[in-house]
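# Structural description and commentary
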Amino acid sequence: MTAFSAEAEGVAERLRKGMTDGVLSFPLTSFLDDGGLDLESYRAYLTVQLATAPGAVFPACGTGEFSALDEEEYRAVVEATVEIAEGRLPVVAGIGYGWAQAVRFARIAEAAGADAALVLPHYLVEAPQDGLVEQLRRIADGSRLPLIAYQRGPVAFTLDGLRRIAEIPTVIGLKDGHSDLDRLQRLTLAAPDGFLFFNGAATAEIQARAYATVGVPAYSSAVHAFAPEIADAFFAAFQDGDDATVHTLLRDFYVPLVELRDRVPGYAVSLVKAAARLRGLPVGPVRAPLTEPGPADLADLEKVLDEGLALVGAVRRTA
C-alpha cells in the first residue's frame with residue numbers, strides 16, 4: 001500500500017473517483033491580442049468548460065501555457081480556477097522549472113486553494129535518477145500540496161526511481177508522456193497499491209485503449225479544451241466498451257486532428273486554441289514562442305472540427 005499523508009490520500013481518492021467520472025480537463029489560458037492575460041475571458045471560458053463536469057481540472061499546465069506565465073499571472077489563473085470550481089472537482093495546478101522555482105509556484109497554488117500540483121518536466125538539462133528523485137523531494141519539502149510527477153522529455157523514471165518517489169508521502173501519482181508501454185507496465189507493477197497513473201500522451205485518446213491494457217485508463221484530454229462534446233462522447237464510449245463508436249471517432253476525427261497537429265511544432269497547443277476560437281470561445285492567441293496556424297491549416301482544422309462535431313450530433317458555435 002501507499003504511504004500517502006492523510007491529506008494526500010484524501011486528494012488521491014477524489015482524483016481516483018474523478019478519473020472514472022469524466023475526462024481530465026486541461027484548460028487554455030486566455031490572452032489579449034497584445035499578449036496580456038485576459039482574466040475575465042478566462043473566467044467565462046472556464047465556466048463553460050466546467051459545466052460539462054470533467055473529472056478534474058488542471059489549470060496552467062502545458063495546454064494552459066504554464067511556461068509563458070509569470071508568477072502573478074499564474075496566481076490569478078489558479079485563484080480563478082479554484083473559485084469557479086467551487087470544490088466540485090479537484091484542481092491540480094501545473095508547477096515546474098528547477099525545484100526552487102517549482103516550490104515558489106507550489107506555494108502560490110497552495111495559497112490559491114489548489115488541491116494538488118502536477119510537476120511538469122524540468123527545463124533543458126538531462127538528469128540521473130538520483131537527481132529526479134531529489135527534485136521531487138525538494139518540492140515536497142517546500143509545500144504541503146500533493147504532487148503528481150510528469151515523465152516526459154528529459155524525465156523518465158526507472159523502477160527504482162518510481163519506488164523511491166512513491167515513498168515520498170505527498171507524491172500520489174505519475175503522468176506518463178513517453179508512451180513506452182513496456183516500460184510503463186513495469187512501472188505500474190512496481191508501484192504500491194493506490195498509486196495513481198495517468199496517460200499524458202499528446203492527444204491521449206489515440207492511445208487510450210493501449211494505455212488501458214497496462215492498467216492506465218485515465219487520460220488528459222486536450223480536445224476537451226475546445227470540444228467537450230467530442231471528448232465526453234469518446235470517454236463514454238471508451239468506458240462502456242463501445243468499440244464501434246471509439247473506432248469511428250478515432251478514424252474520422254482524432255487521427256485527422258493528430259496528422260494536422262504534427263505539421264508544425266507547437267501545434268499541440270496552437271491548434272487547440274485556434275479550434276476554441278472557431279467555436280467562439282474567448283481564449284485569444286498563443287504567446288511566443290508558439291505561433292498561430294496559417295490559413296491553409298486553419299481551413300483544414302475547421303473541416304476536422306466540423307466532422308468531429310457532426311459525429312456526436314453537435315454544432316459549431318460562432319462568436
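Residues numbered from 1 in each chain as written. Predicted model: local features only at pLDDT ≥ 70, side-chain atom pairs only at ≥ 80, totals over all residues. Heavy atoms only, no water.

## Quick look at empty space enclosed by the protein
In this structure the tally under the stated criterion is one cavity of 30 Å³ or more. Estimated volume of the largest cavity: approximately 100 Å³. What lines the largest cavity is simply V119, L120, P121, H122, L132, Q135, L136, A149, Y150, V155 and F157. Mapped onto the lining of the largest cavity, the elements with two or more residues apiece are α5 (129–142) and β5 (147–151). Ranked by the residues each element gives to the lining of the largest cavity, the list is headed by α5, at three residues. Split into classes, the residues belonging to the lining of the largest cavity amount to nine nonpolar, two polar and no charged. (1 Å grid on protein atoms, 1.4 Å probe; cavity = no way out; pocket = protein on both sides within 12 Å on 5 of 7 lines; lining within 4 Å. Points joined across faces, edges and corners; volume = space filled by probe spheres on them. Helix = DSSP H or I, 4+ residues; strand = E, 2+ residues; numbered from the N terminus. Nonpolar A, V, L, I, M, F, W, Y, C, P; charged D, E, K, R; others polar.)

## Topic: the layout of surface pockets
In this structure, the largest pocket encloses a volume near 980 Å³. Around the largest pocket sit 39 residues that line it, and C61, G62, T63, R152 and V269 are the ones nearest its centre. For the lining of the largest pocket, the secondary structure elements donating two or more residues are β8 (220–221), α10 (243–261) and α11 (267–278). A breakdown of the residues in the lining of the largest pocket according to their chemical character gives 23 nonpolar, eleven polar and five charged. Within this model, the second largest pocket holds a volume of roughly 160 Å³. R16, M19, T20, G194, F195, L196, F197, G215, P217, A218 and Q239 are the residues that line the second largest pocket. Secondary structure elements with two or more residues in the lining of the second largest pocket: α1 (6–21) and β7 (196–199). Classifying every residue of the lining of the second largest pocket gives six nonpolar, four polar and one charged.

By themselves, these figures tell us nothing about what the structure is for.
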